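Here are the chains, one letter per residue:
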Amino acid sequence: MKFRKHLIVLCLALAGSSLIACSKSTDDGNKTTGEAVKTEKPDQSSSEGTKYSSIYTLPDAKYAFADGMYAVKFVKGSYREKDDEKTIKVKIFDYDRFSEETMKNLKKGDTLVINGKDVKVKECKFNDEYDYYEVNGGMMNDGYDFAKEGSFYRIMQMNNYYLTSEIGEVELPVSDDLLFIDHTDATTDKPIIKENFDEKLEDYIDSKDTQRSSDFELSIVVRARQIVHVVNHYVP
């Protein structure tokens, strides 16, 4: 089974030090293997097995004020302009990550916390050809497939899409020189860049273009506690 490489990876990049630990990212949004605030809980062991929680998952939408890139959906009708400050509301999305050590040690009777719910492990098999794990029969049998991404594993769905969850909603200021970066033309590696997009943002977030089929088609880049880029990704 050969999986097509997914082009969109959520990255919470840093320009300097903050609460978020992450790999570096280019400002146009073409980057991989981001890691959000580390919220790993101590594994709970018992006679029934070990319970594993996700690591590096954003705990709250309020952390989106930190420098980084975030997968979002715009909230329609949320554009506001007051005292020369423009703001919008966005819904923040993230996904569960599990360490390589966790996946290697996973066994029958253990529990994975996936999207906030306990999933009992009945079986776990490793596919060394494609470097992924099948838990409880894999996605084709109502289980889960875990794909390697950087130093951790995350759940993949059909077409290698992510299994995401909504973290919450937050209102963010918008830069006066907002850039719109469009990667949706699959025939070229060069994005279309539109300057002064803050002047068109109100119409854009209320348009059908923002109703995404994937939680990772649309992202924002935050710098100095304001949105500086809107990035429209290509999703096959």
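Please read these numbers as outputs of a predicted model, since none were measured by experiment.

Colleague: What am I meant to see in the pattern of salt bridges here?
Modeller: If the charged atoms of two oppositely charged side chains come close together, the side chains can form a pair. Taken as a whole, this structure holds seven salt bridges when the rule is applied. Taking the shortest distance from any N to any O, the salt bridge between Asp118 and Lys51 comes out at 3.2 Å. Taken together, the residues Asp118 in strand 8 (residues 117–120) and Lys51 in strand 2 (residues 49–52) connect sequence positions 67 residues apart. Taking the shortest distance from any N to any O, the salt bridge between Asp94 and Arg97 comes out at 3.1 Å.

Colleague: How should I be thinking about the packing of aromatic side chains in this particular structure?
Modeller: The relation between two aromatic rings is expressed through the spacing of the ring centres and the mutual angle of the planes. With the rule as written, the count across this model stands at eight aromatic pairs. With a centroid separation of 4.7 Å and an interplanar angle of 70 degrees, the aromatic rings of Tyr95 and Tyr162 are classed as edge-to-face. Remark: Tyr162 occurs in the loop between strand 12 (152–156) and strand 13 (164–182) and Tyr95 occurs in strand 5 (residues 85–95); sequence separation between them is 67 residues. For Tyr95, a relative accessible area of 1% gives the class buried. Aromatic side chains Tyr133 and Tyr153 sit 5.1 Å apart centroid to centroid with 80 degrees between the ring planes, which places their arrangement in the edge-to-face category. With Tyr133 in strand 10 (residues 132–135) and Tyr153 in strand 12, the pair connects residues that are 20 residues apart, well separated along the chain. There is no split in this pair, since Tyr133 and Tyr153 are both buried. Chaining the aromatic ring pairs together yields one cluster made of Phe74, Phe180, Phe197 and Tyr204. Over the ring of Tyr95 we find Arg97; its NZ or CZ atom is 3.9 Å from the centre of that ring.

Colleague: How do you make sense of the side chain of Thr87 when you look at a structure like this?
Modeller: Mapped onto the fold, Thr87 is located in strand 5. Of note is the side chain of Thr87, whose polar atom sits 2.8 Å from the side chain of Glu171.

Colleague: Is there a simple way to explain the pairing of strand 11 (residues 144–149) in this structure?
Modeller: For a regular strand, the rule is simple: side chains alternate between the two faces of the sheet. Two strands pair when backbone bridges link them, and strand 10 and strand 11 are joined in this way by four bridges, in the antiparallel orientation. Across the sheet, Tyr133 pairs through a bridge with Phe146, a residue of strand 11. As paired elements, strand 11 and strand 12 share five bridges and run antiparallel to each other. Residue pairing in the sheet places Ala147 in a bridge with Arg154 of strand 12.

Colleague: Which parts of the structure should I look at to understand the sheet that holds strand 10?
Modeller: Strands belonging to one sheet form pairs held by backbone hydrogen bonds; the direction of such a pair is parallel or antiparallel. If you trace the five strands from one edge of the open sheet to the other, you get 6-12-11-10-9, paired in antiparallel fashion. Of all the strands in the sheet, just strand 6 (97–99) and strand 9 (124–127) have a single pairing partner and so form its edges. Within this sheet the neighbouring strands show an average axis-to-axis angle of 30 degrees, counted without direction.

Colleague: When you look at the nonpolar core in this model, what are you seeing that I'm missing?
Modeller: General note: in soluble globular proteins, nonpolar side chains tend to be found buried as a group. Phe74 and Leu201 are the most contacted members of the largest nonpolar core, which has 25 residues in total. Put simply, the parts of the chain that give this core at least two residues each are strand 3 (68–74), strand 5, strand 13, helix 2 (201–205), strand 15 (218–223) and strand 16 (226–232). With five residues, strand 13 is the single largest residue contributor to this core. The next biggest cluster of nonpolar side chains, apart from the first, holds 13 residues, and it includes Met103, Val119, Val135 and Phe146.

What counts as what
Residues numbered from 1 in each chain as written. Predicted model: local features only at pLDDT ≥ 70, side-chain atom pairs only at ≥ 80, totals over all residues. Heavy atoms only, no water. Salt bridge = Lys/Arg side-chain N within 4 Å of Asp/Glu carboxyl O. Helix = DSSP H or I, 4+ residues; strand = E, 2+ residues; numbered from the N terminus. Phe/Tyr/Trp six-rings, centres within 6.5 Å; stacked < 30°, edge-to-face > 60°. Buried < 20%, exposed > 50% of the residue type's maximum accessible area, 1.4 Å probe, protein only. Lys NZ or Arg CZ within 6 Å of the ring centre and 35° of its normal. Polar contact = N/O pair within 3.5 Å; in protein donor to acceptor, adjacent residues only side chain to side chain. Pairing = 2+ DSSP bridges. Axes fitted to C-alpha atoms, helices over the stretch in contact; angles between N-to-C directions. Core = buried A, V, L, I, M, F, W, Y, C linked by side-chain atoms within 4.5 Å.

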